[in-house]
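The primary structure of each chain is shown beneath.
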Amino acid sequence: MGQVIAAATEHGHDDGHHHHKETFVTKYIFSTDHKMIAKQYLITGLIMGAIGILMSVLMRMQIANPEQPNVIFEALLGKWAPGGVMDPNIYLALVTIHGTIMVFFVLTAGLSGTFSNFLIPLQIGARDMASGFLNMVSYWLFFLSSAIMISSLFVELGPAAAGWTIYPPLSAVAKAMPGSGMGMTLWLVSMAIFIASSLLGSLNYVVTVINMRTKGMSMTRLPLTIWAFFVTAIIGVVSFPVLFAAALLLIMDRSFGTSFFLSDIYIKGEVLAHQGGSPVLFEHLFWFLGHPEVYIVLLPALGITSEIIATNSRKPIFGYRAMVALF
Amino acid sequence: MTAFLIILIAALFVIALWQISKIVQLGKSPEASSADGEIANDADNDRQGKYMLYFVIAMYVMMIACFIGYQDFFLPDAASEHGAEYDSLLILTTVVIMIVQFLTQALLHWFSYKYRGKKGQKALFYADNDRLEFIWTAIPVVVLAGLILWGGLFSWNDIMDVDKHEDPLVVEVYAYQFGWKVRYSGVDNTLGDANVRFIEGSNILGIDPTDADGKDDMVATELHLPVNRPVVFNFRSQDVLHSAYMPHFRAQMNVVPGMVTKFSFTPTVTSEDYKSTEFMTEKVRKINEIRRQKSKELEASGDVALDPYEFEYYLLCNKICGASHYNMQMKIVVESEEDYNKWLETQTTFETTLANAEN
Ligand SMILES: [Cu+2]
């Protein structure tokens, strides 16, 4: 008897040693644990959010006292605020990067990345996400794209400044504005990586919800929060690739002389060779993502609030099936 | 002001850090965080329920105060024919939304107050009511469909139809970084062909010199329009996307390089008449009062005083197009037929411009 127990503990010990050898790096940095990845998303999202808020404060300071010198501009913006007066190009850059950060890095990745990762496995009774490794890759791609977006603030001619919708030709022609040079290249690279990250994350959420529910957790018993995350992820998977295509075509127009979005342009005293494209095509491709994006931003919040209010009033959600149908 | 903002940022950072530490705390162990002070009692619930009620009342007071206090900043009456229809649609939509908003918010906050937590009180188990759900889904669907169809779609089709007018004035509005030009189509009321590849010397709009229709075209820097005559605008851009925004006429159209976009409207109020409306004279008086005060300060510190403000219609750029986008505008003058014709006679035709350039 004693022998059996000893053997069992020895075996158990051995087993534990094999699987749970966690170092600082595997636990906190390259973690495949959904809870840790959620926290990583939360902290990165919050830092990006703070940067976005700071930018909107700078914009409002400029609007409150237009073209007036301000020591804070001089200290924070340096050569882009000569004598403390904000350069109009930098105002547009703030508009652009603030919009990009808030819509994509905070409200898409920060929101879904944090809450979907944290709550989906816990609320459906799964051990972890379907693929912990892809989940980790998704976070680190998000981190990389955040780093590139922030680094674009420090290039010589300033970051992208064509608005968060980056409509060509303004974003496509380097001569149209200073931000459409290196700054726009970095914006496109950053967003391409961001979309890859978002797709990996969304696929993981969809697969986890479909395949990893615990016994008895049928789709009609799924918490409303999870329904919201699930539908959000599906919308993301369907619409983000279109933005990816638009970004790719824009890169081609910018760097390889194609004319998807450009035609009949006369700028700084010369006619460009581009002929036959249309900027309206880009608008359509962009808003194929842009419209669903409002649901990507809204649905998780709707799901979370319905459940919090229901729980705290000690009542079941009223009209669960109708809510699911509305999602 | 700036100091305040800095403090605000610092405060936001602190709140963010505090929230993170709280989340970490909550994640640790349930025993540690459920100390006595963390559990809500009846007094807490009573207080929170009242806060909900105060909040919704404060929100309505603020909303009504803003509507009254900021009246001056609303757009004044429309100065175009379709503008009245557009405005009534906007007001109808706003009223419907306000009613729904008032009802739902009031109910949400009132119930939070009425059913605030009390010891021993049990919530009613009530998970479904198909008829109730059907009613509050169907009503918004019908109202929205009505707004979209009768209000929106029909108005849209009517306003966007540029071919509905008899004998309209054809005008080209041309955008570039950073300004506007107008091209009048001359006696034939037909614009000559144009493309940026023809831009050369004094031919700044790229009018095709071989096209006979373009010979009598006239390029101007101000948009003059005769009152009560329909105008069909052809928009063209030379470099990037711009947007021609004429707020007083309730008109806006994208200006796209490589294509011609169109919009039409009929101006109904001359610039002079618009300036002398009660709303506008009062608004201008207020602005000039502020300017006079400011001028006093400026003169005291040795600066130049401000000019008095005078109202004009303007065409503005409404799409980010580069560094001077904020200042990309053109004056619009709506005047009587005679004044318009008089002004038009002072403009030079494209043919004359080309001839002058050769000499
Ligand atoms: Cu413009």
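Before any of the text, the structure's been laid out above.
Quick caveat, the model's predicted, so the values are computed rather than measured. Numbering of residues starts from 1 in each chain and follows the order in which that chain's sequence is written. Here the convention is simple: chains get letters from A, ligands get numbers from 1, in the order in which they are written. This being a predicted model, a pLDDT of at least 70 is required before a residue's local features are given, and a value of 80 or more before pairs of side-chain atoms are given or counted; all residues contribute to the totals for chains, interfaces and linings. Computation of side-chain values: all heavy atoms of the structure, hydrogens and water removed.

(A) The interface of chain B and chain A, seen in detail. Working rule for contacts: check all heavy atoms of both residues, and any pair within 4.5 Å makes them a contact. Residue-level contacts link 39 residues of chain B with 47 residues of chain A. Accessible area that two parts lose when put together, with a 1.4 Å probe and added across both, is what the buried area reports. Of the roughly 3,400 Å² buried at the junction of chain B and chain A (both faces included), carbon and sulfur atoms supply 71%. It is R197, L241 and I320 of chain B in chain B that bury the most area against chain A; as a group they hold 17% of the surface buried on that side. Here, a salt bridge means any Lys or Arg side-chain nitrogen found within 4 Å of an Asp or Glu carboxyl oxygen. Summed over the shared surface of chain B and chain A, the number is 1 salt bridge. Across the pair D264 of chain A and R197 of chain B runs a salt bridge whose closest N-O atoms are separated by 3.3 Å. Helix and strand assignments follow DSSP, with helices taken as H or I runs no shorter than four residues and strands as E runs no shorter than two, numbered in order from the N terminus. Among the secondary structure elements, those contributing two or more residues to the side of chain B that touches chain A are α1 (2-28) and α5 (130-160) of chain B. At 8 residues, the largest contribution of residues to the side of chain B that touches chain A is made by α1 of chain B. Gly is placed with the polar residues, together with every amino acid not listed as nonpolar (Ala, Val, Leu, Ile, Met, Phe, Trp, Tyr, Cys and Pro) or charged (Asp, Glu, Lys and Arg). For the side of chain B that touches chain A, the class distribution of residues is 25 nonpolar, 8 polar and 6 charged.

(B) Quick peek at the coordination of the copper ion. Residue and element names in this part refer to chain B. H242 (ND1), C317 (SG), C321 (SG) and M328 (SD) make up the full set of protein donors to the copper ion, lying at 2.0 to 2.5 Å. Think of the donor list as every N, O and S atom within 2.8 Å of the metal, or within 3.2 Å for Na, K and Ca; water never makes the list, so a site can look incomplete. Only four donors with every angle between 85 and 135 degrees are called tetrahedral; only four or six donors with opposite donors over 155 degrees apart and all others between 65 and 115 are called square planar or octahedral, in that order; all others are irregular. Between the 4 donor atoms coordinating the copper ion, the angles at the centre fall across 96 to 122 degrees, so the site counts as tetrahedral. Spacing between the donor residues of the copper ion along the chain follows H-x74-C-x3-C-x6-M. The buried label goes to any residue with under 20% of its type's maximum accessible area, the exposed label to any with over 50%, and the partly exposed label to all in between, with areas taken from a 1.4 Å probe on protein chains only. Residue C317 is classed as buried on the basis of its relative accessible area, which comes to 9%.

(C) A look at the sheet that holds strand β1 (residues 169-176) of chain B. All names here are of chain B. Pairing is mixed across the open sheet formed by 5 strands, whose spatial order is β3-β2-β1-β5-β8. Edge strands, defined here as strands with exactly one partner in the open sheet, are β3 (218-220) and β8 (261-265). Between one strand axis and the next, the sheet turns through 25 degrees on average, direction left out of account. Pairing of β1 with strand β5 (residues 231-237), which is carried by 7 bridges, proceeds in the parallel orientation. Along β5, the bridge assignment pairs V173 with F235. Here, a strand pair is defined by DSSP locating no fewer than two bridges between the strands. Only the stretch in contact is used when fitting a helix axis, every axis being a line fitted to C-alpha atoms; angles between N-to-C directions are given from 0 to 180 degrees.

(D) Examining the side chain of D208 of chain B more closely. All names here are of chain B. Structurally, D208 can be placed in the loop between β2 (179-184) and β3. Nearest to the buried, unbridged D208 among oppositely charged side chains is K215, at 7.7 Å. At 2.7 Å, the side chain of D208 and the side chain of T210 are in polar contact. Apart from the residues lying within four places of it in its own chain, the contact partners of D208 are D193, A194 and F198. By the counting rule applied here, Lys and Arg register as positive and Asp and Glu as negative, while His and the ends of each chain are not counted. We define a polar contact as two N or O atoms separated by no more than 3.5 Å, with the added condition that, inside protein, one atom must be a possible hydrogen donor and the other a possible acceptor, whereas residues neighbouring each other in sequence contribute only through side-chain atom pairs.

In short, geometric facts, not functional conclusions.
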